[in-house]
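# Per-entry structural report
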Amino acid sequence: MTLLLFGLFFLFMLLGVPIAFAIGASTLYALHQSGVPLMVVTQQMFQGINSFALVAIPMFILAGDLMAQGKVSEKLVSFADSLVGFMRGGLSVVSVMAGMFFAAISGSGAATTAAVGSSLVPELKRKGYDPASAASLIAASGTIGVVIPPSVPMIIYAVIAQQSVSKLFLNGFLPGLAMGLGLMAIAIAQAYKRQYPKGTPLSLSTIWTTFKDASWGLMTPVIILGGIFSGIFTPSEAAVVAVNYAMLVSLFVYRDLTLPQVYKLLIRSAMTTAVIMLVIAMSAVLSWTLSSWQVPGAIAQAVLSLSTNPYVIMLLIVGIILLTGVFIETASALIILTPVLLPLVLQLGIDPIHFGLIIVVGLSIGMITPPVAINLYVASSITQLPLERITRAIIPYLLGLIGVLLLVVYVPIMLGWSGS
């Protein structure tokens, strides 16, 4: 029955069936064939989305959309430029730094790519940067959007694995920072190789001016994360605070959004949320089915039989995560893989918070690996460059991010891993 379930799932995927329906249809047929009452399907669907923590998802999506559509991204880019724009190839470094700033607001890779790309691409072209390399760097920087908190995938993982959202957020900073520093190092090396120009001279007055302009946007992560870690409000409540703050800044401070535009953003965020929630509901049925058939335990035993070395097993798990991210978008892959892989890593003695960071960072890389590669599609749309050109240019940044993932796996910081 397990082979039938996964066979149907991959068949539906090859036929282009949307991921939620591919999961639902294959699971439904397998349950029917095994004689399980189909009432279980609706029960598990509702059970899967019956979590207070999931309230944060639509709120963080809406907050990110509000910030991305307004002047916040422009202000953040200007501030990043004042800090590092003086370097050779400084605009490349600005791309990454601005991506890190916006990641702490949006929680979305695509939103980060779109916001930073829209602000920087014209200037990068004007100053003679290779368009494909610039677009690929912005797309790679967008992957940080789901690692630096607030992060929608981290919330989904926390619900599935029954872990603390706050702990995941707290430990997401260092991996996100490592991803940013890795991309910056590669960008600087390419800048010297291609003799990119230096940017605007370093000026303390410019830094102060741009900091004041960007302070409203920079305050967003301070309010969200400061409130969570100080215990003032929960992550779900923090998401609602973020929406109210983003609305206040966009409508009354920068005045860059109108009420009709806000209405359109509400509709768009609701549609995005509906897709995610449907995937979560369908995947809850799949998870229950696999657990009932004891599939995760069987997979764990099969993998453990290959090697007793936890380093080798973790390398296999990383390969599974990266391969899944190539074909399935982040949220769906996270929902499918977590129930299957979590029992295995727990047997290795790996902290579930640590594994949460591993799977989120690993699947974030899937945002720049075709055919799914949502960040590449966004970058291609902004720059009007063929996807093939951007895909070739992304390779150095892809290898850099994989290197960071291996550091997260084998050199855990602030997390106990007894698997050595």
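What you are looking at is a predicted structure, and each value in this text was computed from that prediction instead of being measured. (Residues numbered from 1 in each chain as written. Predicted model: local features only at pLDDT ≥ 70, side-chain atom pairs only at ≥ 80, totals over all residues. Heavy atoms only, no water.)

Here the focus is the overall build of the chain. Of regular secondary structure, the chain possesses 21 helices and 0 strands. In terms of overall size, the chain behaves like a compact globule, its C-alpha atoms giving a radius of gyration of 21 Å where 420 residues would be expected to give roughly 22 Å. By its C-alpha atoms, the chain is 70 × 45 × 45 Å across when sized along the principal axes. Looking at the chain as a whole, 54% of its 420 residues qualify as buried. Accessible area of the chain: about 17500 Å², with a carbon and sulfur share of 69%. Mean positive and mean negative side-chain charge positions of the chain (16 and 11 charges, respectively) differ by 9 Å. (Helix = DSSP H or I, 4+ residues; strand = E, 2+ residues; numbered from the N terminus. Rg over C-alpha atoms; globule rule 2.2 N^0.38 Å. Buried < 20%, exposed > 50% of the residue type's maximum accessible area, 1.4 Å probe, protein only. Areas by Shrake-Rupley, 256 points an atom, 1.4 Å probe, with all protein chains shown as cover. Lys, Arg positive; Asp, Glu negative; His and termini not counted. Charge placed at Lys NZ, Arg CZ, Asp CG, Glu CD.)

An α-helical segment advances 3.6 residues per turn. Residues three or four places apart therefore align on the same side. Burial analysis of helix H9 (residues 152–161) places 8 of its 10 residues in the buried class, the great majority of the element. Every buried residue of H9 is accounted for by Val152, Pro153, Met154, Ile155, Ile156, Tyr157, Ala158 and Ala161. The N-cap of H9, judged by a side-chain oxygen 3.2 Å from the amide nitrogen of methionine 154 a few residues on, is serine 151. Looking one or two residues beyond H9, the residue adopting positive phi is glutamine 162, at roughly 55°. (Polar contact = N/O pair within 3.5 Å; in protein donor to acceptor, adjacent residues only side chain to side chain.)

Of note, the bond from proline 149 into proline 150 is cis; its omega dihedral lies within 30 degrees of zero at 0°. We note that glutamine 195 has phi near 55°; this positive angle belongs to a residue other than glycine. As for its position among the elements, glutamine 195 is in the loop between helix H11 (173–194) and helix H12 (204–229).

Taking 1.5 Å of rise per residue, 18 residues should cover 26 Å, and helix H7 (residues 109–126) covers 25 Å from first to last C-alpha, within 8% of that figure. Along its length, H7 shows its largest kink, about 40°, at leucine 120, and proline proline 122 lies within four residues downstream of that point. Looking only at H7, the buried set comprises Gly109, Ala111, Thr112, Thr113, Ala115, Val116, Gly117, Leu120, Val121 and Leu124. As for H7, its buried residues are in contact with helix H4 (56–69), helix H5 (72–84), helix H6 (90–106), helix H8 (131–142) and helix H19 (374–383). Downstream of H7 by a residue or two, glycine 128 has a phi angle that is positive, lying close to 85°. (Expected span 1.5 Å × (residues − 1). Bend = angle between axes of the 7 residues up to and from the residue. Contact = heavy atoms within 4.5 Å.)

The next point concerns the packing of aromatic side chains. Inspection of the entire model under this criterion finds 9 aromatic pairs. Arranged with centres 5.6 Å apart and planes meeting at 20°, the rings of phenylalanine 79 and phenylalanine 101 form a pair that is stacked. A residue pair is termed long-range when its members are at least 10 positions apart, and phenylalanine 79 in helix H5 and phenylalanine 101 in helix H6 qualify at 22 residues. Through pairs of rings, three or more aromatic residues link up here, namely Phe79, Phe101, Trp208 and Phe211. (Phe/Tyr/Trp six-rings, centres within 6.5 Å; stacked < 30°, edge-to-face > 60°.)

The subject of this paragraph is a nonpolar patch on the surface. A cluster of nonpolar side chains, contributed by Trp216, Leu248, Phe252 and Val253, occupies part of the molecular surface with about 370 Å² of accessible area. The dominant element in the nonpolar patch, judged by the number of residues it contributes, is helix H13 (residues 235–253), at 3 residues. Relative to the helices and strands, tryptophan 216 is located in helix H12. (Patch = residues over 30% accessible without salt bridge, like charges linked within 9 Å, V, L, I, M, F, W, Y side chains within 5 Å. Salt bridge = Lys/Arg side-chain N within 4 Å of Asp/Glu carboxyl O.)

Before going further, it helps to examine the environment of methionine 87. Assignment of secondary structure puts methionine 87 in the loop between H5 and H6. On the basis of relative accessible area, methionine 87 is assigned to the partly exposed category, the value being 24%. The spacing of methionine 87 and threonine 200 is 113 residues in sequence and 8.4 Å in space, taken between C-alpha atoms. Apart from the residues lying within four places of it in its own chain, the contact partners of methionine 87 are Val93, Ile188, Pro197, Lys198 and Gly199.

So, about the confidence of the model for the chain. Detailed reading of the predicted coordinates is not advisable wherever pLDDT falls low. This prediction gives the chain a mean pLDDT of 84; 97% of its residues lie at or above 70. For the stretch residues 416–420, pLDDT sits under 50, and the model shows 15 contacts to residues farther than four places along the chain or on other chains. (pLDDT = per-residue confidence, 0-100.)

All told, the structure shown has 1 salt bridge when counted by the stated rule. In this structure, aspartate 65 engages arginine 268 in a salt bridge whose closest nitrogen and oxygen atoms are separated by 3.5 Å. In this pair, aspartate 65 is assigned in helix H4 and arginine 268 in helix H14 (residues 259–292), connecting sequence segments 203 residues apart.

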